[in-house]
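Fold and contact review
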Amino acid sequence: MNRLIVGNWKHNPGTLAEALALAQGVVRIEAPENVDVVACPPLPYLSGIRALHPDLPLGVQDVSSQPLGAHTGEVGTAIFKSLDISYAIIGHSERRVLGETDEEIAAKVSAALSAGITPIVCIGEGRTVQELGSDAVRAFLTKQLDAIPDGAGIVIAYEPIWAIGSGIADDPERAGTTAHFIAEYVAPRMQNVRVLYGGSATAENASTFLEQDAIDGLLVGGASLDATKFAGIVHAR
Ligand code: PGA
């Protein structure tokens, strides 16, 4: 399976013009043949970017589990399919902290799978759990993994919460061991899973994560907002 490098733009940039410029920068990256590159911009920029770049793989940062209809504020899979969106980040810790539950995440994953959109499900422990040691971390991750419905082609992003946006990435070997645990744990009920690492990934540290056997790619926040830095990650060996 190809390596997967996903740019999560989060709530950035502030204007359509900047978003189009960033998308242009991503399109110009000549990714190695075995690397899939995905950009996940804020929703209002999707159609503008799609119109200019029909072949750029795009993802969304959340997806409604509701069907089309009277659901004010929801945006779901039918609309995303119409824009040829192929990935959906689901259960990011920045959404879980706002109250998103495992049940809601499961419903979103099911909706995405039924529509042929690849879910990128985020899991990860906070600092308090991490300090309790690896058994506690595994118990915590197991609970989050148990809530993900069975399926093929699901992407799981392991993002220790304390590493997100902090500038302090996880220790690559520890992340690799955790990714291995995740892959083994879900293998009996999920096929073709890819496990990503996320949390302060940069062009400088990317290869230390990507050289871990069980890490199939990266979910990149801050460093995806600069096409040059993002290109450095895409080209990491
Ligand atoms: P970061 O974000 O690269 O800025 O740490 C990663 C993420 O939240 O997906």
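The structure we're discussing is the one just above.
To keep things clear, this report deals only with the structure shown in the data block.

Turning to the nonpolar core, a few remarks are in order. In summary, soluble globular proteins display a tendency toward joint burial of nonpolar side chains. With 60 residues, the main nonpolar core has Ile5, Ile156, Ile182 and Leu218 as its most contacted residues. Top element by residues in this core is helix H8 (residues 172-186). It accounts for 5 residues. Apart from the residues within four sequence positions on either side, isoleucine 182 is in contact with Ile123, Leu141, Leu145, Ile156, Tyr158 and Val195. Judged by nonpolar contacts, the second largest core, of 12 residues, contains Leu4, Val38, Ile89 and Leu219.

Moving on to the pattern of salt bridges. On inspection of all chains with the given rule, the structure shows 10 salt bridges. The closest approach of N and O atoms between lysine 10 and glutamate 94, which form a salt bridge, is 2.9 Å. Here the residue lysine 10 occupies a position in the loop between strand S1 (3-8) and helix H1 (16-28), and glutamate 94 occupies one in helix H4 (residues 93-96), the gap between them amounting to 84 residues. One salt bridge connects arginine 96 with aspartate 102, and the closest N-O pair in it is separated by 3.1 Å. Ionic contacts of the salt-bridge type, sharing partners, join the residues Asp62, Arg95, Glu100 and Lys108 into one network.

Every one of the 13 residues lining the ligand counts as a neighbour, but Lys10, His92, Glu159, Gly165 and Ser200 are closest to it. The separation between an oxygen atom of the ligand and a polar side-chain atom of lysine 10 is 2.7 Å. One of the side-chain N or O atoms of glutamate 159 is found 2.7 Å from an oxygen atom in the ligand. Against a free-state accessible area of 280 Å², the protein chains account for coverage of 95% of the ligand.

About the criteria used
- The written sequence of each chain sets the order in which its residues are numbered from 1.
- It should be noted that, the model being predicted, local features are given only for residues of pLDDT at least 70 and side-chain atom pairs only at 80 or more, the latter also being counted only at that level, while totals for whole chains, interfaces and linings use all residues.
- Water and hydrogen atoms play no part in the side-chain values, which are based on all heavy atoms of the structure.
- Side-chain atoms within 4.5 Å are what join buried Ala, Val, Leu, Ile, Met, Phe, Trp, Tyr and Cys residues into a set we call a nonpolar core.
- Whether a residue is buried, partly exposed or exposed follows from its accessible area with a 1.4 Å probe, protein chains only, as a fraction of its type maximum: under 20%, in between, or over 50%, in that order.
- The numbering of helices and of strands both runs from the N terminus, where a helix is a DSSP run of H or I of at least 4 residues and a strand a run of E of at least 2.
- Here, two residues are considered to be in contact whenever any of their heavy atoms come within 4.5 Å of each other.
- We count a salt bridge whenever a side-chain nitrogen from Lys or Arg sits within 4 Å of a carboxyl oxygen from Asp or Glu.
- If even one non-hydrogen atom of a residue comes within 4 Å of a molecule or strand, that residue is called near it.
- Pairing of N or O atoms within 3.5 Å defines a polar contact, subject to two protein rules: one partner must be a possible hydrogen donor and the other a possible acceptor, and residues neighboring in sequence count only if both atoms are side-chain atoms.
- The method behind every accessible area is Shrake-Rupley, applied with a 1.4 Å probe, and residues are considered shielded solely by the protein chains displayed.

Purely geometric numbers; function is a separate question.
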